[in-house]
Every structure is written in structure tokens, then in C-alpha cells.
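# Structure assessment
So the chains spell out like this:
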Amino acid sequence: MQDTNLTFQALGLPEPILKALEKKGYGYPTRIQAEAIPPLLAWRDVIAKAPTGTGKTFAFGIPMLVHVDAKSEDLQGLILAPTRELAIQIGDELRGLLSCWEGIRVAVVYGGAKMDGQIRQLKKHPQIVVATPGRLMDHYNRGNLKLNKIHTVILDEADRMLDMGFFNDVTKILNMIKNRRQLGLFSATISQEVMTVSWMYQRDEVEITVPADEENKPDIDQYSIAVPALEKEMAARKLLTMLGYEKALVFCNTKHMCQRLCDDLRRSGIRVECIHGDIRQQTREKNMNAFRKGEIPVLIATDVASRGIDVDDVELVINYDIPAENEYYIHRIGRTGRARRKGIAISVIGSFPEQAKLDEIAKYSHFTVQPIAFGPDDTLVQAEVRKAPQTPRRRYR
């Protein structure tokens, strides 16, 4: 994904990193990478705001790998993430960068999984740990890892992490890392909590803002389709079978609806899996990997479970439920239209309140959402805007 004329080689990166990037087909850094890598390499603190899908993991991961002393068995770099799925994704991307570099080990620890396997990872003395805050504290309190040699700390999706109630855990962790030399905050939005952490812990920080312009914003056509409330499942099934995309994400607001829709679609013959909070972590990882590899074409998810979904070739996003928060809608549809690919997002409307909520989201986000409807012969046609009935005015004399 080329956002600049600058090459990775021009950034002065070591040969093993350049070879790994070449193997992955990356010749040019994105804008966030071009702007964040140099100050991080110079041991500066960074606070960066950039849209989803612009390459933030490489922006902080590459400098961290360069700074690590591969000959030392000390834990030197820590990356905190809000969800287990995102932590796993970051770990996978870092290990991909290490394909041509021996001696650096990465461990990933998160809640919802057994401690034994994570303890075995930590006993191998990783130089970098990717963790959710709660599970990191569990391992620290049990003496499974030490924080005294860490020089670099990164908070990825800092806004989401602090908004999810991890503020106290994060500040406690930062207070325990006495020898920290740099702190990087990477986020899609800069919330008040992110600004507070920056003010408390960063010094002479470099501020980076990458706007969602034509170069990096997802290319997504957005539609809505209104159906009777009891026909939403049939509408989702028809959309998936009619459009026939190889990778489609469907979002529900609750775990119950996520599982129910998955079961209904599976009975209708669609190959589908789901991820939500009530599913065992091992199964969630299995389903996520199967979707990433293209072994299943449809994945249903709740908002919390979806935070670590970082798949460049998702072609279709369906909002089976309209999200309660405007930001959730942006994160959902941002799973498609990535890496210069065209994406489609369709919201299934089953009531006037849902229509009103989608209208509010579109107004807030400056989106254009085109109404469509099912036409004859299994086609989709343009539809008229559906309006709520007006209450007749009473005339008083």
C-alpha cells in the first residue's frame, strides 16, 4: 500500500526487516509508517492518530524490533492491546517481520485462555510481549515476567482500550516500568483519556495525525435495505447467497443474536462460523483463522469480538443490527474496502428506530447510505427513502 514516495530502505532499516517486507510485497511505507518510524527509531515518544487499516502495527512494530537486543533474554518491549483478537493479530504480524531475523522472540498473553501455554512462552524469555492489560497483571503478580528491563511501551487502539475501563490497569503498568525510554500511543481517535495518559507519561512527544483522505480512507459503497422485523434473517440469507462474496462479515449487537443467526444460516446451507464472548477462546481463534484463510466465507461477530479482525480482503460487511454507537458503525464497515480494494456495506433495517439510528450515524459521519430493496428475479434495486409516519397536528380553536 503506497502512500508516499519514500521507500522502507530510505528509512535506514536493517537488512532482515527489509527482506521480510520484500517477501510480504511491501516496498513503500504508508503515511503513518513514514511519519512514525523515524521518531520512534530516535527514541522519541509518539502520539499518533490514524484511520483503521493504514498500517499502524508496522509503524510501531518495526522500530521496536530494531531496538531489541537479540542477544539479551530480558523483556524489552511491551505492546498493550484492548482485546485478545487484536493481541493475537499484532503477534502474528511481528513474527512475520522476524521471518528473516533470528534470536528475537515474541510472546502473546491474553485473558480467556489457559495460563499454562502462556507460561511456557514466557519461560522462553521473549524480548517482546503483546498483552491485554488484565492478563499482563496476572502474569506479573504470579512472577511469570519482569518489567524492569522494558524500554519501549506501545498502547495500540489506545482510545478503545482506555474506553473499555483499562485506564487504571494501564496507568498502574506504566508506573511499574521504571526504565521506560519511550511510550507510543496509537489510536483511531484521540479521546480525553488518551490525552490524559499522554500528559501524564509522555515527554516532548511527536504528534502525528493522518487524516482519512482519498489516499487512505476505505473505498466503501454503503447501502441500507428495509424489511419487516421478522424477515431480517431471510434478508441476510438472501444477501449472502445473491451477492456471493468469498469473504463476508456480519455484525450483531448481542451474543445471543450472533449465535442465533449463525445457527439459522448454517441450517439453510451457508458455511458460516461466529465469534462472541460466550465461545471458548480456542474455538474463536480457530474460526478466525479459518475465515482469514478463506476456508469459511461468512463470519458473524459482535463488536467486542471483532476488534482484532484485521483481514485485508473482506469484500462485504452486513450490519444485521444497527450498532448503538456511531463509532461502532465506523469500525464495522472499516473491515472492508481495505488495501485499495472496493468494499460493500449493507445495513438491514427492521424498524423505524433502526432507520432513525442509521440516519443519525450517516449524518454524524458524513456518510451517504443508499436505500435498496429486493427486486424481481433475485435482484437488488434502488429504493425510495423510507420515512416514519408523521403525527397529525391537532387544530385548536
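Residues numbered from 1 in each chain as written. Predicted model: local features only at pLDDT ≥ 70, side-chain atom pairs only at ≥ 80, totals over all residues. Heavy atoms only, no water.

### Focus: the packing of helix H6 (residues 133-141) against helix H7 (residues 158-176)
Relative to each other, H6 and H7 sit at 30°, their axes nearing to 9 Å. Every pair of crossing elements has a handedness; the one defined by H6 and H7 is left-handed. Here H6 contributes Pro133, Gly134, Leu136, Met137 and Tyr140 to the contact with H7, which in turn contributes Met161, Phe166, Asp169, Val170, Lys172, Ile173 and Met176. (Axes fitted to C-alpha atoms, helices over the stretch in contact; angles between N-to-C directions. Helix = DSSP H or I, 4+ residues; strand = E, 2+ residues; numbered from the N terminus. Left-handed = near helix turned anticlockwise from the far one by under 90°. Contact = heavy atoms within 4.5 Å.)

### Some details on the pairing of strand E11 (residues 298-301)
Residues Val298 and Ile300 point to one face of E11 and Leu299 and Ala301 to the other, with burial holding for every one of them. Alignment of strand E9 (residues 248-251) against E11, held across four bridges, turns out to be parallel. Following the sheet pairing, Val250 is matched in E11 by Ile300. Note that the unit made of strand E10 (residues 272-275), helix H11 (residues 281-292) and E11 has a crossover that is right-handed. (Buried < 20%, exposed > 50% of the residue type's maximum accessible area, 1.4 Å probe, protein only. Pairing = 2+ DSSP bridges. Right-handed = clockwise from strand over helix to strand, strands pointing away.)

### Focus: helix H13 (residues 352-365)
The first and last C-alpha atoms of H13 sit 20 Å apart over 14 residues, in line with the 20 Å expected at 1.5 Å per residue. Here H13 has its buried residues at Glu354, Gln355, Lys357, Leu358, Ile361, Ala362 and Ser365. What you see down the axis of H13 is that its buried residues fit within an arc of 160°, all on one side. Exposed positions of H13 whose direction lies more than 90 degrees from the buried face are Pro353 and Lys363. For H13, the secondary structure elements touched by its buried residues are strand E8 (219-226), helix H9 (232-243), helix H12 (326-333), strand E13 (342-349) and strand E14 (369-375). At the C-terminal side of H13, His366 shows a positive phi close to 60°. (Expected span 1.5 Å × (residues − 1). Arc of directions from axis to C-beta.)

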